Amino acid sequence: VSVTLAPACEKADVNVTYTDSWRWDIVMYLRSMDIRFYKAPGGGLIASGHWKNSLLHSFPNADGVVQDLMDEMFKQAGESTAVRTKSAAN
């Protein structure tokens, strides 16, 4: 799945894009995930994260993969103290 940027919102702080790839092997599993943060409303890249499953893949929890990527991206962006909301932690 690839999501195209919607028109930039003047009130947004960050634009986020992602690309995910899924495969089938008994059940659907996440093959890869790319996430990018851009300065809004149309600026440069702030941080990016990439995760890819191995050839001898596992069946990862996609939510956990995204949470780990986002944690690393916040560190890249100098926001290592960013705290997940209660709903995001579940």
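Novice: Got a sec to walk through the packing of aromatic side chains? Specific residues and values, please.
Specialist: The final tally for this structure, using the stated rule, is 1 aromatic pair. With centroids separated by 5.6 Å and ring planes inclined at 50 degrees, the aromatic side chains of Phe37 and Phe74 adopt a geometry described as tilted. Highlighted residues: Phe37 in strand E2 (residues 27-39) and Phe74 in helix H1 (residues 62-76), separated in sequence by 37 residues.

Novice: Tell me about H1, residues and numbers included.
Specialist: Taking 1.5 Å of rise per residue, 15 residues should cover 21 Å, and H1 covers 21 Å from first to last C-alpha, within 8% of that figure. Looking at the buried residues of H1, the elements they touch are strand E1 (14-25), E2 and strand E3 (45-52). One or two residues past the end of H1 sits Gly78, with phi positive at roughly 80 degrees.

Novice: Break down a nonpolar patch on the surface for me, citing the residues and quoting the values.
Specialist: A surface patch of nonpolar side chains, amounting to about 700 Å² of accessible area, comprises Trp22, Trp24, Ile26, Val27, Met28 and Phe59. At the level of secondary structure, the elements contributing two or more residues to the nonpolar patch comprise E1 and E2. With respect to the helices and strands, Val27 occurs in strand E2.

Novice: Kindly report on the nonpolar core, identifying the contributing residues and their values.
Specialist: A general feature of soluble globular proteins is that nonpolar side chains tend to end up buried together. Residues Leu30, Met33, Ile35, Phe37, Ala47, Ala62, Val65, Leu69 and Met73 constitute the largest nonpolar core, which totals 9 residues. Among the elements of the structure, E2 and H1 are those that each provide at least two residues to this core. The residues contacting Met73, other than those within four sequence positions of it, are Ile35, Arg36, Phe37, Ala47, Ser48 and Gly49.

Novice: Requested: an account of the confidence of the model for the chain, with residues and values cited.
Specialist: Averaged over all residues, the pLDDT of the chain equals 78, while 80% of them reach at least 70. Taken element by element, the predicted model of the chain shows its lowest mean pLDDT in helix H2 (residues 86-89) (56) and its highest in E3 (89).

Novice: Pulling in residues and values, what's your account of the pairing of E2?
Specialist: Note that E1 and E2 share 12 bridges and pair antiparallel. Residue Thr17 lies in a different strand from E2, and its bridge partner there is Arg36. In this structure, the hairpin formed by E1 and E2 is closed by a connection of 1 residue, where Ile26 is found at a positive phi of approximately 75 degrees. Of the strand pairs in this sheet, E2 and E3 are connected by 7 bridges, and their pairing is antiparallel. Each bridged residue has a counterpart across the sheet, and for Asp34 the counterpart in E3 is His50.

Novice: Go over the pattern of salt bridges with me, naming the residues and quoting the values.
Specialist: Counted by the stated rule, this structure contains 1 salt bridge. Here Glu72 and Lys75 are joined by a salt bridge, their closest N and O atoms 3.6 Å apart. Remark: Lys75 and Glu72 occur in helix H1; sequence separation between them is 3 residues, near one turn of the helix. Since its relative accessible area comes to 44%, Glu72 is described here as partly exposed.

Reading the values: the criteria
Along each chain, numbering runs from 1 in the same order as the chain's sequence is written. Per-residue local features are limited, in this predicted model, to residues with pLDDT of at least 70; the limit for side-chain atom pairs, both in listing and counting, is 80 or more; totals at the level of whole chains, interfaces and linings are taken over all residues. Side-chain metrics in this entry use all non-hydrogen atoms of the structure; hydrogen atoms and water are not considered. The criterion for an aromatic pair is that two Phe, Tyr or Trp rings (for Trp, the six-membered ring) have centres within 6.5 Å, with stacked assigned to planes under 30 degrees apart, edge-to-face to planes over 60 apart and tilted to the rest. A run of H or I in DSSP counts as a helix once it spans at least four residues, and a run of E counts as a strand once it spans at least two, with each numbered from the N terminus. How far a helix is expected to stretch is found by multiplying one less than its residue total by 1.5 Å. Two residues qualify as a contact provided that any one of their heavy atoms is within 4.5 Å of a heavy atom in the partner residue. The residues that make up patches have over 30% relative accessible area and no salt bridge, and they are joined within 9 Å when like-charged or within 5 Å when they are Val, Leu, Ile, Met, Phe, Trp or Tyr. Calculation of accessible area relied on Shrake-Rupley with a 1.4 Å probe; when residues are assessed, cover is drawn exclusively from the protein chains displayed. Every case where a carboxyl oxygen of Asp or Glu lies within 4 Å of a side-chain nitrogen of Lys or Arg is listed as a salt bridge. Here, the term nonpolar core denotes a set of buried Ala, Val, Leu, Ile, Met, Phe, Trp, Tyr and Cys residues that are joined through side-chain atoms within 4.5 Å. For each residue, the accessible area found with a 1.4 Å probe, counting protein chains only, is set against the maximum for its type, and the residue is called buried under 20%, exposed over 50%, and partly exposed in between. For every residue, the predictor assigns a confidence score, pLDDT, that lies between 0 and 100. Two strands pair if DSSP finds at least two bridges between them.

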